[in-house]
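Coordinates in review
The lines below spell out each chain.
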Amino acid sequence: MNPVVASVRLVCGLLAIVFSSSLALAQATPPVGQPPKDLGGWRKDDPRRVALERRFQERVERMVRERLQLTDEQAGKLRDVATRTEESRRALRRDEMQARQAMRDELWAGDNANEARISELLDQMPRLERRRLDLMEQELRELSKFLSPLQRARYFALQDELRRGMLELQRRRVGADSAADRPGNGPPYRRPPGGQR
């Protein structure tokens, strides 16, 4: 397997979040001499994006090895587990996002909301949570075959730390974008056609 692809899968497994972290990744490690930039504007084969992702992946892998004090054999097995579980994680994240969006759509409909659809979505929520717990239990069973209890605890603590860091960076970016859109920042404010101030 291509080492870059293997690295991407490892990082995805470690973070256990949507790799929409490209937005946070751009904030965390911008190109030298350039302001932070949203990777969404770069093509996947753009050399700058590839280099940025590689730097990030190497940093995470190095952090994991150091924090968990892994041997080469353990690191290889951890990479395998992360690769195997990532497909299930990705499917779960996709289903959760779709369910949340569908619920938002119904709530925005107000009195016209489809109550049968809302009931279906409410029933779906605990099933999604059970899938998350089942996936975590499966991962823990696999990790217990080659990691000590202390290493497993450190692994999940590191996952949580990385996840919180990514979410914080995303919140900062969203806040910065919102501020830039307010009147007085950036281009002059324009009234909508036919509207009033």
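What counts and how
Residues numbered from 1 in each chain as written. Predicted model: local features only at pLDDT ≥ 70, side-chain atom pairs only at ≥ 80, totals over all residues. Heavy atoms only, no water. Salt bridge = Lys/Arg side-chain N within 4 Å of Asp/Glu carboxyl O. Helix = DSSP H or I, 4+ residues; strand = E, 2+ residues; numbered from the N terminus. Buried < 20%, exposed > 50% of the residue type's maximum accessible area, 1.4 Å probe, protein only. Core = buried A, V, L, I, M, F, W, Y, C linked by side-chain atoms within 4.5 Å. Phe/Tyr/Trp six-rings, centres within 6.5 Å; stacked < 30°, edge-to-face > 60°. Expected span 1.5 Å × (residues − 1). Arc of directions from axis to C-beta.

**Considering the pattern of salt bridges**
- Applying the stated criterion to the full structure yields 14 salt bridges.
- For Arg-84, the salt bridge is made with Glu-142, and the minimal N-O distance between the two is 2.4 Å. Within this pair, whereas Arg-84 is found in helix 4 (residues 72–108), its partner Glu-142 is found in helix 5 (residues 115–143), the two being separated by 58 residues in sequence.
- For Glu-142, a relative accessible area of 14% translates into the label buried.
- Residue Glu-139 is joined to Arg-89 by a salt bridge in which the shortest nitrogen-to-oxygen separation is 2.2 Å. Here Arg-89 lies in helix 4 and Glu-139 lies in helix 5, a separation of 50 residues in the sequence. You'll find Glu-139 and Arg-89 in the same group, each marked buried.
- Through salt bridges with shared partners, a single ionic network connects Glu-86, Arg-90 and Arg-93.

**Overview of the nonpolar core**
- With 16 residues, the main nonpolar core has Val-64, Leu-68, Leu-70, Leu-78 and Leu-143 as its most contacted residues.
- Tallying contributions element by element places helix 6 (residues 149–181) first for this core, with five residues.
- One finds Ala-99, Ala-102, Met-103 and Ile-118 within the second-largest nonpolar core, a separate group that totals eight residues.

**As for the packing of aromatic side chains**
- On inspection of all chains with the given rule, the structure shows one aromatic pair.
- When the centroid spacing of 5.3 Å and the interplanar angle of 80° are considered together, the rings of Tyr-155 and Phe-156 count as edge-to-face.
- On the basis of relative accessibility, which here comes to 18%, the residue Phe-156 falls in the buried class.

**Concerning helix 3 (residues 47–68)**
- Here helix 3 spans 31 Å end to end across 22 residues, near enough to the 32 Å set by a 1.5 Å rise per residue.
- Among the residues of helix 3, Arg-49, Leu-52, Glu-53, Phe-56, Gln-57, Val-60, Glu-61, Val-64 and Leu-68 are the ones counted as buried. Down the axis of helix 3, the sector holding all buried residues measures 165°, keeping them to one side. Exposed positions of helix 3 whose direction lies more than 90 degrees from the buried face are Pro-47 and Glu-66.
- Backbone geometry just after helix 3 places Gln-69 at a positive phi near 55°.

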